[in-house]
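Residues per chain, in single letters:
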Amino acid sequence: MRIDLHAHTTCSDGTQSPSGLVVAARAAGLDAVAITDHDSTAGWTEAAEAGRAHRVGVVPGVEISCERDGGSVHLLGYLIDPDDRPLTAELARARASRATRLERMVALLAADGIPVRYADVLTHVPAGATPGRPHIADSLVAAGVVATRDEAFARWLHDQSPYYVHHYAPDPLRAVELVCAAGGVPVLAHPFARTRGAGRLTDSAIGELADAGLAGLEADHPDHDGPARVRARELAGRLGLIVTGSSDYHGAGKASRLGDNLTDPSVLAAIEAGGRGAAVVRAR
Ligand code: AMP
Ligand code: ZN
Ligand code: FE
Ligand code: FE
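Note that the structure is predicted; figures quoted are calculated from it, not measured.

### Topic: the overall build of the protein chain
Move 1: Helix and strand counts for the protein chain come out as 10 helices and 7 strands.
Move 2: Relative to the 2.2 N^0.38 estimate, which gives 19 Å for 284 residues, the radius of gyration of the protein chain is 18 Å and therefore close to what a compact globule would have.
Move 3: Taking the principal axes of its C-alpha atoms as reference, the protein chain extends roughly 50 × 45 × 40 Å.
Move 4: Counting all 284 residues of the protein chain, 55% fall into the buried class.
Move 5: Just so you have it, the protein chain exposes about 11,500 Å², and 51% of that area is on carbon and sulfur atoms.
Move 6: Averaging the locations of the 28 positively and 35 negatively charged side chains of the protein chain gives two centres separated by 2 Å.

Rendered as structure tokens:
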């Protein structure tokens, strides 16, 4: 069983539609893929239909942007009730704040002579998608200012950049509580990723999340080197958490390919056993 538990679509900053993701998962030889767009569950229905048609298991999920001490922390929530009022209200608030934040970032960039316009950036945000920095990058790539999303991030869009603007994001402890209350299974995404020094939680902070209901750590992730993976496994072992693996696939928007990291079937079974808000779509 090949299971990849973290992927994005055009409902946030991925470059493939939800059904496109499922077709790509099938082509990559996956048995199951999780759809985990930033702050949105909008792609679930299309992905589920495609999963049934193409015989790929689909795990409904979301990647919630959180903030602690000014640093960005990402929380995966699997099998949440997509109609849970407190959670959907929080996600809607984050999406709205992301839109104004993008406009402010573009204004700062433009004021410094970087050739980008908000109206053009908007043409790179698919209808209904959660807007994010990768969409600014797409505008810069299309204008020939940079060659890739990665280059745009390295030069201007990274978390420590003077052009970085925060958006509303809940504290990770609150997000864990919201996911649990919505019947979901919370897993901390890429906890030791190299690119997010400011967003790294201490082991004791992760322990507090575990006390609040955090179920797992994403250990095998493209942004985790060998030592980070070992560290995540050790911490998960100490805290009694499950360990997941994923590609954090973004289609053409990132270098990773579907199936680059996998999750053990027993771990998906544990997530399924713990999730009460939505069901895994089974490949027949
Ligand atoms: P945002 O949601 O607007 O804060 O943007 C975060 C998203 O941008 C991440 O989920 C990645 O998809 C992408 N991203 C973040 N940092 C980088 C980076 N250094 N290089 C390329 N993409 C990045
Ligand atoms: Zn992303
Ligand atoms: Fe993330
Ligand atoms: Fe992600």
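### Considerations on the packing of helix α5 (residues 133-142) against helix α6 (residues 149-157)
A packed helix pair is summarised by two numbers, namely the angle formed by the two axes and the spacing between the axes.
Move 1: Relative to each other, α5 and α6 sit at 110°, their axes nearing to 9 Å. Taken together, the axes of α5 and α6 are roughly perpendicular relative to one another. Residues Arg133, Pro134, Ile136, Ala137, Asp138, Leu140 and Val141 of α5 pack against Arg149, Ala152, Phe153, Trp156 and Leu157 of α6.

### Some remarks on the pattern of salt bridges
Move 1: One pass over the full model with this rule turns up 13 salt bridges.
Move 2: Of the charged contacts, one joins Glu90 and Arg174 as a salt bridge, the two residues approaching to 3.1 Å between their closest N and O atoms. One end of the pair, Glu90, is in helix α3 (residues 85-111); the other, Arg174, is in helix α7 (residues 172-181), with 84 residues separating them in the sequence.
Move 3: Residues Arg155 and Glu151 are paired through a salt bridge, measuring 3.2 Å at the closest nitrogen-oxygen approach. Of this pair, Arg155 and Glu151 both sit in helix α6, 4 residues apart, which is roughly one turn of that helix.

### Concerning the coordination of the zinc ion (ligand 2)
Move 1: The protein atoms donating to the zinc ion (ligand 2) are Asp13 (OD), Asp13 (OD), His38 (NE2) and His250 (NE2), with metal-donor distances spanning 2.0 to 2.6 Å.
Move 2: One can describe the site at the zinc ion (ligand 2) as irregular: its 6 donor atoms subtend angles covering 52 to 155° at the metal.
Move 3: Between the zinc ion (ligand 2) and the iron ion (ligand 3) there is a metal-metal distance of 5.8 Å. Remark: His250 occurs in the loop between β7 (242-245) and α10 (265-274) and Asp13 occurs in the loop between β1 (3-4) and α1 (18-27); sequence separation between them is 237 residues.
Move 4: By relative accessible area, which is 4% here, His250 ends up buried.

### Observations regarding empty space enclosed by the protein
Move 1: By the definition in use, this model includes 1 cavity of 30 Å³ or more.
Move 2: Reported here for the largest cavity is a volume of approximately 50 Å³.
Move 3: Every residue lining the largest cavity is counted, 10 residues in all, and those nearest its centre are Val73, Ala189, His190, Pro191 and Gly199.
Move 4: For the lining of the largest cavity, the residue count by class is 6 nonpolar, 3 polar and 1 charged.

### Quick look at the side chain of Ser97
Move 1: Among the secondary structure elements, Ser97 is positioned in helix α3.
Move 2: Looking at Ser97, the relative accessible area reads 18%, which means it is buried.
Move 3: Ser97 has contacts with His167 and Tyr168, leaving out every residue within four places of it along the chain.

### Some details on the site of ligand 1
Move 1: The full set of residues close to ligand 1 is Asp13, His38, His74, Arg98, Arg101, Gly132, Arg133, Pro134, Asp150, Phe153, His250 and Lys254.
Move 2: At 3.3 Å, a side-chain N or O of Asp13 approaches an oxygen atom of ligand 1.
Move 3: Contact distances for ligand 1 include 2.8 Å between an oxygen atom and a side-chain N or O atom of Arg101.
Move 4: Within the complex, 86% of the 500 Å² of free accessible area of ligand 1 lies under protein.

### Examining the nonpolar core
Move 1: Residues Leu188, Leu214 and Leu258 are the most contacted members of the largest nonpolar core, which totals 47 residues.
Move 2: Among all residues touching Leu188, those that are not within four sequence positions of it are Val73, His74, Leu75, Leu201, Ile206, Leu209, Leu214, Gly216, Leu217 and Glu218.
Move 3: Counting 17 residues, the second largest nonpolar core, distinct from the first, contains Met105, Val116, Ile136 and Tyr163.

Conventions we followed
Residues numbered from 1 in each chain as written. Chains lettered and ligands numbered in written order. Predicted model: local features only at pLDDT ≥ 70, side-chain atom pairs only at ≥ 80, totals over all residues. Heavy atoms only, no water. Helix = DSSP H or I, 4+ residues; strand = E, 2+ residues; numbered from the N terminus. Rg over C-alpha atoms; globule rule 2.2 N^0.38 Å. Buried < 20%, exposed > 50% of the residue type's maximum accessible area, 1.4 Å probe, protein only. Areas by Shrake-Rupley, 256 points an atom, 1.4 Å probe, with all protein chains shown as cover. Lys, Arg positive; Asp, Glu negative; His and termini not counted. Charge placed at Lys NZ, Arg CZ, Asp CG, Glu CD. Axes fitted to C-alpha atoms, helices over the stretch in contact; angles between N-to-C directions. Parallel < 35°, antiparallel > 145°, perpendicular 65-115°, else oblique. Contact = heavy atoms within 4.5 Å. Salt bridge = Lys/Arg side-chain N within 4 Å of Asp/Glu carboxyl O. Donors = N, O, S within 2.8 Å, 3.2 Å for Na, K, Ca; no water. Tetrahedral: all angles 85-135°; square planar, octahedral: opposite > 155°, others 65-115°. 1 Å grid on protein atoms, 1.4 Å probe; cavity = no way out; pocket = protein on both sides within 12 Å on 5 of 7 lines; lining within 4 Å. Points joined across faces, edges and corners; volume = space filled by probe spheres on them. Nonpolar A, V, L, I, M, F, W, Y, C, P; charged D, E, K, R; others polar. Near = heavy atom within 4 Å. Polar contact = N/O pair within 3.5 Å; in protein donor to acceptor, adjacent residues only side chain to side chain. Core = buried A, V, L, I, M, F, W, Y, C linked by side-chain atoms within 4.5 Å.

Fair warning: the whole summary comes from geometry, so function is off the table for now.
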